[in-house]
Amino acid sequence: MVQWVPHGTGKYLWTDGCMYVGEWYRGKTMGMGEFSWPSGATYEGEFNKTYMDGKGTYTGTNGNTYRGSWVMNLKHGHGIKHYSNGDYYEGDWRRGVQDGHGRYQWKNGNTYIGQWKNGAICGNGTLIWSNGNRYDGFWDDGLPKGNGTFKWADGSFYVGTWSKDAKEQNGTYYPSGSTPASNLDWDPQEVFSVDLHDCKVCPTEKISMLPSHKTFNWSASEGGSFEKQPLWRSKLADLSGRPRPSNADGRGFDRVSNWDCNGDMSSDDVDGNVMGGRDGDDASNGSQFEHTDLRGPRQIIMRMQQKEMRRQGITISKGHRNYELMLNLQLGIRHSVGRPAPATSLDLRASAFDPKEKLWTRFPPEGSKNTPPHQSCDFRWKDYCPLVFRTLRKLFKVDSADYMISICGNDALRELSSPGKSGSFFYLTNDDRYMIKTMKKSETKVLLKMLPEYYKHVRAFENTLVTKFFGLHCVKLVGATQRKVRFVIMGNLFCSKYVVHRRFDLKGSSHGRITDKPEEEIDGYTTLKDLDLNFIFRLHKSWFQDFQRQVDKDCDFLENERIMDYSLLVGVHLREASTADETTPKAQTPTGTDCPDGEASTPYFSRIDPDLFNPTCWPTTKLGINMPARAEETVRQSGYETQLVGDPTGEFYDVILTFGIIDILQDYDITKKLEHAYKSFQYDATSISAVDPRQYSRRFRDFIYRVFIEDV
């Protein structure tokens, strides 16, 4: 089966009249292009992953024109704006508004040169009126505030402290030699009531629909199998130069178009959206659709793959019960990550870890001085220990812009089909990089309590297997409900280019540790447990030694923090099955999103790099990430249903493993102590999960070192 997405240059027209003409990269607007709105507004310039990003010119419906730098749809950097009423601004922009140093000239000839903050005159600056008068000094929110001097064209001047509140205003008048009594009766408050009357800064216009808000439905509708995906077919030659058939199934797709080599476009109407393109002399330089072959290496893997190619979870679209919560979350993250902050050292003060170190921000729908207007409900946003998590993201080498694009971009989050055992809900970003989990108050307290030692641990051990935390936040709805939703943002362990065929959650206990699901319903998203495990994983000697050392360090850390009930989550990518005497088979391997490149495009296939199984090339992988291994199949003896590790069969598979320690926010509190006491009366005390952290750590390690062994 072939998957097509636009790649090259082309045109796309939406049913609402919006249109994009320009360059594409794997189904996304990227490069130079022009976006036009049905209202007549246009943007011409650079695009990056569907965002207006780079150098570009925006012309609004009212005639306003901005020419300059953009970052993620926002004016950011140096830019020039001409307003339709004749006003003009040239200078620095930040997050869509004037911020930094700039020059604003009104149509009446008045000019301000100086500092700006959040779209308003703020800081030190000079305003020169067309009649020759001028004010030099400090400003706040567009008005003189603090020390300043007002000077008349005749040379007389007034020096003092300025405030719109007459009670706070005071200063001294100095007349000029030529007209000593010309302004003796002048009141400084006239500057506020008269002189500044015609010095209003034009507001920034609101763009109701941004290019990144527009969707391109190249892939299947959410929840559908890959076989049901609508495909792009084209008369245009593919990447190898071979023509492709033009028939296509348009189900769930905006529009299916045929691209003729002469640039003419014919199209099959699905819902009115149109896409067109022009072929260059060279197929590699003109418009083209990138495609990939989706053939599996073996029937067993193909059978798994048919289930697993669908996207995990349900897209949170308008009408979903948590749609407003998602909007709140995205608004809050954008505010938190985009908030200006000084460069931080990795050496943090103890005060940064104080649980009381948190920031509240209110987000009214109409917007405020620090927040944009939005279409969600009125809510308050809390950042816990913001400096610590900002530094953690730096420590984990997370780029702030990429982080915001993943969580707050034009793609909606996906909610996993059912909450976890604790009742928490899980959400995935569209590129699968990050997982967002709602938190109980008790879990929040545990994380804040362990945060200082957690920070020390992940800083000391680069290859730690414990969960990576990037942010801890809370949304509080304003009004009668006063509902609070706490959530933590974590790295998604299975964001890998290798499809996970089997995943196991391993604790080392046997009670209730089996999945009650028929074999035919198990796929790569099914979380299997200890008693479902039918493999022993053999690691190369050097990998095994690193693995053993790190598990010991991580378990010591969790034991000291009184944490229990954690588990090792293991993802298994099966290569072609092999017998004991076979080496590396030549298999084509299904791959998903290649997260390091930031591309969340359609799934594709590529041959596994043979260097993965060459020990001299292993530094390109990391402990727990894309690790090559051999998996030996095991079977449990009849009558030994609770046997944790089965007997080896001699049947080997080459695999690639991804694993990490998850669920590290459960301490051994009174609830777990009571659970241990209660279940100990009914079951073998060694078989239950709720045990003392020291015992849990010892049992966990004993089990893991029986499942992961050194390859000989």
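Residues numbered from 1 in each chain as written. Predicted model: local features only at pLDDT ≥ 70, side-chain atom pairs only at ≥ 80, totals over all residues. Heavy atoms only, no water.

A few words now on the overall build of the protein. The helix and strand tally for the protein stands at nine helices and 36 strands. Surface summary for the protein: the accessible area is close to 32900 Å², and the carbon and sulfur share equals 50%. (Helix = DSSP H or I, 4+ residues; strand = E, 2+ residues; numbered from the N terminus. Areas by Shrake-Rupley, 256 points an atom, 1.4 Å probe, with all protein chains shown as cover.)

A separate point is the packing of aromatic side chains. For the structure shown, the criterion picks out 43 aromatic pairs. Between Tyr58 and Trp70, the ring centres sit 6.4 Å apart and the planes meet at 65°, which makes this aromatic pair edge-to-face. With Tyr58 in strand β5 (residues 51-59) and Trp70 in strand β6 (residues 65-71), this residue pair connects regions lying 12 residues apart in the sequence. Measuring from centroid to centroid gives 5.4 Å for Phe547 and Phe659, while their planes differ by 85°, and the two rings are edge-to-face. Here Phe659 lies in strand β35 (residues 647-662) and Phe547 lies in helix α7 (residues 541-560), a separation of 112 residues in the sequence. Over the face of the ring belonging to Tyr66 we find Lys75, whose NZ or CZ atom lies 5.6 Å from the ring centre. (Phe/Tyr/Trp six-rings, centres within 6.5 Å; stacked < 30°, edge-to-face > 60°. Lys NZ or Arg CZ within 6 Å of the ring centre and 35° of its normal.)

On to the pairing of β5. Burial analysis of β5 places seven of its nine residues in the buried class, the great majority of the element. Pairing of strand β4 (residues 42-48) with β5, which is carried by six bridges, proceeds in the antiparallel orientation. Its bridge partner being in β5, Asn48 is matched across the sheet by Tyr51. Taking the residues that link successive antiparallel strands as the turn, the β4-β5 hairpin has two residues, and the phi of Lys49 there is positive, at about 55°. Here β5 runs beside β6; their pairing, made up of six bridges, is antiparallel. Within β6, the residue paired with Tyr58 across the bridge is Tyr66. The loop that links β5 with its antiparallel partner β6 comprises five residues; one of these, Gly63, has a positive phi angle of about 95°. (Buried < 20%, exposed > 50% of the residue type's maximum accessible area, 1.4 Å probe, protein only. Pairing = 2+ DSSP bridges.)

As a further point, take the packing of helix α4 (residues 386-395) against helix α6 (residues 441-460). Viewed as axis vectors pointing N to C, α4 and α6 meet at an angle of 25°, and their least axial separation amounts to 12 Å. Regarding the angle of α4 to α6, the classification is roughly parallel. Considering how the two elements wind past one another, α4 and α6 form a crossing that is left-handed. Packed against α4, whose contacting residues are Val388, Phe389, Thr391, Leu392 and Leu395, the element α6 presents Leu447, Leu451, Tyr454, Tyr455, Val458 and Arg459 at the interface. (Axes fitted to C-alpha atoms, helices over the stretch in contact; angles between N-to-C directions. Parallel < 35°, antiparallel > 145°, perpendicular 65-115°, else oblique. Left-handed = near helix turned anticlockwise from the far one by under 90°. Contact = heavy atoms within 4.5 Å.)

For the rest of this paragraph, the subject is α6. With 20 residues, α6 should cover 28 Å at 1.5 Å per step; its first-to-last C-alpha distance of 28 Å lies within 8% of that length. The largest bend along α6 measures about 55° and falls at Leu451, with the proline Pro452 one to four residues further on. Its buried side turned inward, α6 meets β22 (379-384), α4, β25 (434-439), β26 (469-477), β27 (484-491) and α7. (Expected span 1.5 Å × (residues − 1). Bend = angle between axes of the 7 residues up to and from the residue.)

With that settled, the discussion passes to empty space enclosed by the protein. In this structure the tally under the stated criterion is two cavities of 30 Å³ or more. Roughly 40 Å³ of internal volume is contained in the second largest cavity. Lining of the second largest cavity is provided by Ile316, Asn322, Leu325, Met326, Leu329, Leu413 and Tyr427. If one sorts the elements of the lining of the second largest cavity by residue count, helix α3 (residues 323-338) sits on top with three residues. (1 Å grid on protein atoms, 1.4 Å probe; cavity = no way out; pocket = protein on both sides within 12 Å on 5 of 7 lines; lining within 4 Å. Points joined across faces, edges and corners; volume = space filled by probe spheres on them.)

Two packed helices can be described by the angle between their axes and the distance between those axes. Look at α3 against helix α5 (residues 400-408): their axes get within 9 Å of each other, and the N-to-C directions meet at 175°. Comparing their axes, α5 and α3 come out roughly antiparallel. Where α3 abuts α5, its residues Leu329, Gln330, Ile333, Arg334, Val337 and Gly338 lie against Ser400, Tyr403, Met404, Ile407 and Cys408.

In this section: the environment of Asn560. Structurally, the position occupied by Asn560 is in helix α7. Each C-alpha atom of the pair Asn560 and Pro693 lies 8.3 Å from the other, and the pair is 133 residues apart in sequence.

Before going further, it helps to examine the sheet that holds strand β24 (residues 426-428). Sheets are built from strands that pair by backbone hydrogen bonding, the pairs being arranged parallel or antiparallel. In spatial order, the strands read β20-β23-β24-β25-β27-β26-β22-β21; together these eight strands make up an open sheet with antiparallel pairing. The strands lining the two open edges of the sheet, one partner per strand, are β20 (314-315) and β21 (358-363). Alignment of β22 against β26, held across five bridges, turns out to be antiparallel. In the strand pairing of β26, Arg380 is matched with Lys476. Sheet strands touched by α5: β25, β26 and β27. Its angle to β25, the strand with the most contacts, is close to 65°. Sheet contacts for α6: β22, β25, β26 and β27; angle to β25, the most-contacted strand, approximately 125°.

Let us look at the side chain of Thr467. Its location among the elements puts Thr467 in the loop between α6 and β26. Judged by relative accessible area, which is 10%, Thr467 ranks as buried. A distance of 3.0 Å separates a polar side-chain atom of Thr467 from the backbone oxygen of Ile661. Apart from residues lying up to four places away in sequence, Thr467 is in contact with Tyr454, Met490, Ile661, Ile662, Asp663 and Ile664. (Polar contact = N/O pair within 3.5 Å; in protein donor to acceptor, adjacent residues only side chain to side chain.)

Residues at a pLDDT of 70 or more form 73% of the protein, whose mean pLDDT is 76. Counted against residues more than four places away or in other chains, residues 219-275, with its pLDDT under 50, gives 146 contacts. (pLDDT = per-residue confidence, 0-100.)

Moving on: the nonpolar core. Ranked by size, the top nonpolar core spans 104 residues in total, and within it Leu392, Tyr454, Phe537, Phe547, Leu657, Ile664 and Phe708 carry the most contacts. In terms of residue count, α6 provides more of this core than any other element does, eight residues in total. Beyond its immediate chain neighbours, meaning those up to four positions away, Ile664 contacts Met450, Tyr454, Val466, Thr467, Phe469, Leu558, Ile563 and Tyr566. With 38 residues, the next largest nonpolar core counts Trp93, Leu127, Tyr135 and Leu196 among its residues. (Core = buried A, V, L, I, M, F, W, Y, C linked by side-chain atoms within 4.5 Å.)

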